[in-house]
Amino acid sequence: MREADDVDDVDFRALVRARLEPLDVDAARAADIVDELAQHCAQQYADLVASGVDQRDALTRALAPLENRRRVVDEIARADRPRRSAPPPPASSTHLVVDLWRDVRYGLRLLHRSPGFTAVAVMTLALGIGANAAIFSVVNAVLLRPLPFADPARLVDVGEPGPDGRAGNVGFTTVVDWRERTHAFDEIAMIRSWYPTLIANGQPERIPAMRVSANFLRTLGVAPALGRDFAAADDTPAGWHVLILSDGLWRRRFNADPAVIGRVVTMNDQPYTVGGVMPPSFAPIISEHFYEPAQMWALLGYDRSQPFACRSCQHLKAIARLEPDTAIGAALVDVNGVHAALRREHPAEYGAATAIAVTPLADELAGNVRAPLFALMGAVAIVLLIAAANVASLLLARVADRERDLALRTALGASRGRIVRQLLVESSLVAWLGGLAGIALAAAVVPLVADLSPVPIARLATARVDVAVVIFALAVSFGTTVVFGLAPALRASRVDLQTTLRAEARHSAANPTSVARRLLIAANVALAVVLLAGAGLMIKSVGRLLGVDPGFDPDHVLTMQISMVGKAYAKNEAVVAKGDEMLAALRRLPGVESVALAGQIPLAGNVDRWGLHVEGRPVTPDDPFVERYSVTPTYFAVMRIPLRRGRLITDADRASTEPVMVIGDRTARTVWPNGDPIGQHVRIGGSDGPMYTIVGIVGDVRHVALAAPPTLQMYTAQAQLTDSFLTVVMRSASDFGLLAPAARQAIWSAASDVPVYRVDAMRTLVARSVGARRFVAILLELFGAVALVMTAVGVYGVISYSVAERTREIGIRSALGASRADIVRLVLANGLALVFAGLATGIVLAVATTRFLDNSLYGVSATDPATLAAVASVLFTVAAAAHLVPIARAMRVDPAIALRQD
Amino acid sequence: MSEDRELRKGSAETVILALLEERDRHGYEIAKLIDQRSDGALKFHVASLYPTLYRLERRGLIQGRWVERSNTRRRRFYRLTAQGQKTLEAQRRSWKAFFAALNRVARISHA
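No experiment lies behind these values; they were computed from the predicted model shown.

(A) Structural context of the overall build of chain A. Along its length, chain A carries 29 helices and 23 strands. The buried share of chain A, reckoned over its 902 residues, is 44%. For chain A, the share of sequence-separated contacts (at least 6 apart) that also reach a separation of at least 24 residues comes to 82%.

Below, the structure is given as structure tokens:
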């Protein structure tokens, strides 16, 4: 009885319960377990006391096995399962779900217990997955999502191929013949740009618009929301003045009035009837790509009799819908067969024989951004790989820390599959948390991307984190889990019981887990080299481009576009006279040094190419095409384009005098390789125009792009060959913010019906022309910075872990008399070998991959040694800096404590 | 030491099943019997025994139930199931084969 009393004095249930952390089973079962274990301990205690052991010793011995709380709790929770009366069928699915749920809860508890690891791992993955989700949402919007038209896969662009091989412009009569003779196309529509001037509230507004054939909307498979579609019967030279408005224009200028249908609107002195209003969902992605986002559409109204409808008058775009189930290849054969026949029938009207190109409309619209976007996809994929390598390395470190725990579990009967699963669940949790955080990050960043982009990219504004992006991000998270979770898990499942359970194993440097981590970090450094090399090359390219001499002086030049259209400007004399009036008004503005008008200015996106035929030489289709700019005499002074020989255009060159021309250096060298062009006579365009006398040669200008070498160029006098779409260029040291409104007023004081638009500093146009490259460079730079930080964290993690692992070794060495310098050398030798291996591999990889950037580079080779050297030294510095803290820690190792460890 | 541990763990299930083959027992009794019959060579304590019991129970080899008697606390007794009996026999066969092989190779005779 005495024993029983003693036993009753001690509340074993409370003691056991206190030793079992909250058990991961339901409350009733937990109570049963506590009960059973408490009885065991109580009886053992009683037996020990009965055998003469002191009560206190007996209590300690009875409870001793429970002191390793975490392990006991783990073991019990793991072994125990919801009971059932009959033994469960092996590996039943409910069983699996219950197991999985238990693993998930266990995993969450473990993550909660190490907030530092969890935060770093989740943030690293969030950056990696967020960057991928963000770029993917752009790629999805711009490249992958189907065009917002009916059955968009059947829409194509047809035309003679431009320099890039994609379908270019066509002439009206050619298309009419194609329509009649081909069979592959359901519809062929034609479009061209159009800029009518709408005058309201006394202010003229130039409206970007399109002239389209009557079947344009039908070809796309869209229809007006209000009113009706264009009718073929109206598509004539007399009847084409029918308008369909965009939803935006209808709301802005017509107060969203449904009664607008049938209303007559006057533009450029012509009456137009409003026929319909498009739905808001109709985005002007076609006009935006080829011209400017259209806000209204009118009919083309051509017929074969008109001079500009000729076969070679290639100023239209043909957009066609393929017959159902017709392949592009079949359409190519069809249209080229027809076109070859046309060429035979009208040999004089077609140039050099080229095959007609048929380009999927989606490809055409995405054409310019495809390569940079794929480069960015590659860059973010590298960021993700680095993130994954870093997290894998963190997980491996955790596995190493838990080796004894895992070994015990294996010893206690946990199968290898069981342990792999637990670890995979743990890494999946990290991946999903990182994925969710990444999606949130992308959702925050994506709306800003469209604003960041310096060049309009079709459909960029529609980029957002949608279901496709979420699925993509989750798939990436899942893939990442497999990649970075499996290796540590398999590694852990092979934990060697014998060596692991002997504590000393943890202190040997040859631990295979450390080897794997070290390899990951070397890979991390290598990937960072690739990314930073790409970023470095792009930055260098942008720098080189901005350093290119454009052939003119873009500083202190303000540009503004004007158009003089309508009845008042039907005659060239009126345009010239009004232009002179405007120039006079502008010249009177304070601070204006010089001012001129030009039909085209460099880097503004406008080009006008004419055939150039030299007097006395036979006219052939191979005669050079030369860019033509009509300018007023002061243009060369405003732009500071140098005169090489001869004279410039002067005020004396009027409509009544002999037509003159100034040509660029390259034109002179190309067309007259051996002779003197000055004094030569040339005809431009068709064979019936006037003869121009070449009077001077000026320096070449980079007109199309800074990256493109100067083209063939010629200047005519605005007074002799008059353009009505003009750009005002002004040289002034004044603040453009003040000058621009004053200049606008000055123009309107001379001509109140002339719209002024696209007001930009010439410098802005120069910057914008490198905008796409700079955009890519900025993003690569950003991703490179992320990679650099991750690399630093990764190197720091591995080195400090290896210092911790080798505390005992370091202790022994310092006890044996190693100096502090020896210790520093020990740590550095260990880490820098890794860094060098990574750098070397990275340089090889960079040389192999940066050539994909070739098209985006300018003035720098894809394997530029200086860039690679700079990248390597930046990475080396960062990696070396990451050693500082671990070195400091190693120097503080107290031999006495290190040796006593364990 | 770790060799012992592994052997012991590997044999733990067989030992428990064998003890339950004789009659139903509770946990403390199992632990005590293993200690006594192995002359202290095999030892189970509370933290290692119960997870093993729970696992065996989960696999349907043994079945535990609470038994209450008038003057004592309720105790949990474990009983060998039919499946447990089968498993035990299979384990006996493989241990036997193992010892025979070991004996042939290393000349270790066992009782």
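The discussion continues.
(B) Highlighting the overall build of chain B. Within chain B, the regular secondary structure consists of 4 helices and 3 strands. Starting at the N terminus and walking to the C terminus, you meet the elements of chain B as α-β-α-α-β-β-α. Split into buried and exposed, the 111 residues of chain B put 29% on the buried side. A separation threshold of at least 6 residues defines the contact pool for chain B, and within that pool the share at least 24 residues apart is 45%.

(C) Representation of the packing of helix α8 (residues 172–181) of chain A against helix α12 (residues 328–345) of chain A in the model. All names here are of chain A. Interhelical geometry of α8 versus α12 gives an angle of 125° and a closest axis separation of 10 Å. What the angle tells us is that α8 and α12 run oblique. When the axes of α8 and α12 are compared, the crossing they make is right-handed. Of the residues in α12, those touching α8 at T174, D177, W178 and R181 are V335, V338 and L342. Taken together, the residues of the contact of α8 with α12 sort by class into 4 nonpolar, 1 polar and 2 charged.

(D) Representation of the sheet that holds strand β2 (residues 62–67) of chain B. Residue and element names in this part refer to chain B. Taken in spatial order, the 3 strands make up an open sheet running β1-β3-β2, and their pairing is antiparallel. Among the strands making up the open sheet, the edge pair consists of β1 (25–26) and β2. Looking at chain direction, β2 and strand β3 (residues 75–80) are connected through 6 bridges and run antiparallel. Within β3, the position partnered with Q63 by the bridge is R79.

(E) Spatial organisation of the nonpolar core. Residues and elements named next belong to chain A. Judged by nonpolar contacts, the single largest core of 233 residues is most densely connected at V383, V529, L531, V729 and A787. Not counting residues up to four positions away in its chain, the partners in contact with V383 are G128, A131, L531, F783, V786 and A787. F12, L66, I76 and A79 belong to the second-largest nonpolar core, a separate cluster that totals 38 residues.

(F) Helix α15 (residues 416–452) of chain A, seen in detail. Here α15 of chain A spans 51 Å end to end across 37 residues, near enough to the 54 Å set by a 1.5 Å rise per residue. At V446 of chain A, α15 of chain A shows its largest kink, close to 30°, and the proline P447 of chain A lies no more than four residues downstream.

(G) How the structure looks around the confidence of the model for chain A. For chain A, per-residue confidence averages 84 on the pLDDT scale, and 90% of positions sit at 70 or higher. Between residues 1–6 of chain A, whose pLDDT stays under 50, and residues either more than four places distant or in other chains, the model counts 5 contacts.

(H) Local environment of unusual backbone geometry. All names here are of chain A. Even without being glycine, D325 reaches a positive phi, approximately 60°. Mapped onto the elements, D325 comes out in the loop between β11 (317–322) and α12. The phi angle at H556 is positive, at roughly 60°, despite the residue not being glycine. The residue H556 is located in the loop between α18 (512–547) and β13 (557–563) in this model.

(I) Expanded view of the packing of helix α5 (residues 69–79) of chain A against helix α3 (residues 46–58) of chain B. In contact at an axis separation of 8 Å, α5 of chain A and α3 of chain B are set at 15° when each is read in the N-to-C sense. Relative to α3 of chain B, α5 of chain A is oriented roughly parallel. Relative to α3 of chain B, the crossing made by α5 of chain A is left-handed. Contact residues: α5 of chain A offers V72, E75, I76 and A79 of chain A, while α3 of chain B offers A47, Y50, P51, Y54, R55 and R58 of chain B.

(J) Examining the pairing of strand β16 (residues 625–631) of chain A more closely. All names here are of chain A. Counting buried positions over the 7 residues of β16 gives 6, a clear majority of the element. Where strand β15 (residues 609–614) lies against β16, 3 bridges are found, and the strand directions are antiparallel. When the bridges of β16 are listed, G611 appears paired with F625. Two strands pair when backbone bridges link them, and β16 and strand β21 (residues 713–717) are joined in this way by 5 bridges, in the parallel orientation. When the sheet's bridge partners are listed, E627 is paired in β21 with Q713.

(K) Representation of the environment of R773 of chain A within the structure. Residue and element names in this part refer to chain A. If you trace the backbone, R773 turns up in helix α24 (residues 771–805). The exposure class of R773 is buried, given the 23 C-beta atoms found within 10 Å. Remark: the alpha-carbon pair of R773 and S541, spanning 232 residues in sequence, is separated by 8.1 Å. If we skip the residues at most four places from it in the chain, R773 touches M538, S541, V542, L545 and S856.

Each value, and the rule that gives it
Residues numbered from 1 in each chain as written. Chains lettered and ligands numbered in written order. Predicted model: local features only at pLDDT ≥ 70, side-chain atom pairs only at ≥ 80, totals over all residues. Helix = DSSP H or I, 4+ residues; strand = E, 2+ residues; numbered from the N terminus. Buried ≥ 20, exposed ≤ 12 C-beta atoms within 10 Å, placed from the backbone. Contact = placed C-beta atoms within 7 Å. Axes fitted to C-alpha atoms, helices over the stretch in contact; angles between N-to-C directions. Parallel < 35°, antiparallel > 145°, perpendicular 65-115°, else oblique. Left-handed = near helix turned anticlockwise from the far one by under 90°. Nonpolar A, V, L, I, M, F, W, Y, C, P; charged D, E, K, R; others polar. Pairing = 2+ DSSP bridges. Core = buried A, V, L, I, M, F, W, Y, C linked by C-beta atoms within 7 Å. Expected span 1.5 Å × (residues − 1). Bend = angle between axes of the 7 residues up to and from the residue. pLDDT = per-residue confidence, 0-100.

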